[in-house]
Amino acid sequence: MFSLLTTHPFDIFDLTGSDLAIVLLMVIVFVLALVLPHPSHGHIGRKRS
Amino acid sequence: MNWTTRVRQWLLREIPMEDLLPDELPAYVHSYVYYFGVLTLASFLMLVLSGIILVIFGPQWWHVSAVGLFVNSIHFWSVQAFFFFMVLHLWAQFFMSAWRGGRGLNWVTGVVLFLVSILTAFTGYLSQQNFDSQWIALQGKDAFNALGVSGFFNILNFGQVYGLHIVVLPLVLALLIGVHLYLVRSKGVVTPVLDSASTDREAHHDE
């Protein structure tokens, strides 16, 4: 299986440590994007109530 | 022998596929310190993908819609991850003297990548299309005037800055990353400092 680094695959889905690290990074970025959106958003285009 | 044959033979000799995507590496690579480079690369890929979506739909979309805000936020957090892991990668390679064994050029491409990344991030700040980017451009123009480069790099010129950010600089980064990875694969991963007595070049040829 394609993998970018390391010699020792984990047993789950034949993934290596770096494969899992990449997946974990993507999950963290997605969650951060949801709970802590871009800080400058709304300076232009925000509807004022 | 024509030039395409020579190029093909050179590529096959210099970049064999089993070295580009190896499924076995030395045992010392099984350490978290070797993850930082590949995590920087993964962050870069997320930046490119989210950036392409942002470019397609434009500033009005990312400033007013919920989905646009989400993709903009992914781009933002990917940048944080990109620089976070790049600096960790830099420290890790610095403290293990990763330029040993004829890897000096790879260290140099890494330094250039770092500098180009800073320029890419800066033009990204200027491309946000909000008051922040206007403020940064107005404050930063004096620095670039002082450097004497504003004649050809005018950060108040949005078209120029945006073009650099979404086309020129990403292409330069991608090219440099390609060279960087090729050099890693061609020389092999650097050995730990304590193991360098066994002359790392031979160690890699024995893999």
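Not measured: the values here are computed from a predicted model. (Residues numbered from 1 in each chain as written. Chains lettered and ligands numbered in written order. Predicted model: local features only at pLDDT ≥ 70, side-chain atom pairs only at ≥ 80, totals over all residues. Heavy atoms only, no water.)

## Quick look at the overall build of chain A
Point 1. Helices and strands together make up the secondary structure of chain A, namely one helix and zero strands.
Point 2. Carbon and sulfur atoms provide 71% of the accessible area of chain A, an area that totals close to 3400 Å². (Helix = DSSP H or I, 4+ residues; strand = E, 2+ residues; numbered from the N terminus. Areas by Shrake-Rupley, 256 points an atom, 1.4 Å probe, with all protein chains shown as cover.)

## Here we look at the interface of chain A and chain B
Point 1. With 27 residues of chain A at the contact, the number on the chain B side is 33 residues.
Point 2. Each partner contributes to the roughly 2900 Å² buried at the junction of chain A and chain B, and carbon and sulfur atoms together form 75% of this total.
Point 3. Counting the contacts that link chain A with chain B gives four residue pairs in polar contact (both at pLDDT 80 or more).
Point 4. Grouping the constituent residues of the side of chain A that touches chain B by class yields 16 nonpolar, eleven polar and no charged. (Contact = heavy atoms within 4.5 Å. Buried area = accessible area lost by both parts, 1.4 Å probe. Polar contact = N/O pair within 3.5 Å; in protein donor to acceptor, adjacent residues only side chain to side chain. Nonpolar A, V, L, I, M, F, W, Y, C, P; charged D, E, K, R; others polar.)

## Digging into the layout of surface pockets
By rolling a water-sized probe across the atoms, one finds the places where empty space is left.
Residues and elements named next belong to chain B.
Point 1. Roughly 980 Å³ of volume is contained in the largest pocket.
Point 2. If you trace the largest pocket, you find 38 residues lining it, with Gly37, His89, His180, Leu181 and Val184 closest to the centre.
Point 3. Looking at the lining of the largest pocket, the elements that each hand over two or more residues are α2 (17-20), α3 (35-57), α5 (66-95), α6 (104-126) and α8 (158-187).
Point 4. Here the element with the most residues in the lining of the largest pocket is α8; it accounts for eight residues.
Point 5. Residue assignment places the lining of the largest pocket across two domains, with domain 1 (31-96) and domain 2 (99-190) each supplying three or more.
Point 6. Considered as a void within the structure, the second largest pocket measures approximately 830 Å³ in volume.
Point 7. If you trace the second largest pocket, you find 35 residues lining it, with Leu47, His75, Val79, Gly124 and His165 closest to the centre. (1 Å grid on protein atoms, 1.4 Å probe; cavity = no way out; pocket = protein on both sides within 12 Å on 5 of 7 lines; lining within 4 Å. Points joined across faces, edges and corners; volume = space filled by probe spheres on them. Domains from an automatic or database assignment.)

## Some words on the pattern of salt bridges
Residues and elements named next belong to chain B.
Point 1. On inspection of all chains with the given rule, the structure shows one salt bridge over all chains.
Point 2. Between Asp142 and Lys141 there is a salt bridge, and its shortest N-O distance comes to 3.1 Å.
Point 3. The exposure class of Asp142 is partly exposed, given its relative accessible area of 45%. (Salt bridge = Lys/Arg side-chain N within 4 Å of Asp/Glu carboxyl O. Buried < 20%, exposed > 50% of the residue type's maximum accessible area, 1.4 Å probe, protein only.)

## Comments concerning the side chain of His75(B)
Residues and elements named next belong to chain B.
Point 1. For His75, the location among the structural elements is in helix α5.
Point 2. You can call His75 buried: its relative accessible area is 17%.
Point 3. Beyond its immediate stretch of four places on either side in the chain, His75 contacts Leu47, Ser50, Gly51, Leu54 and His165.

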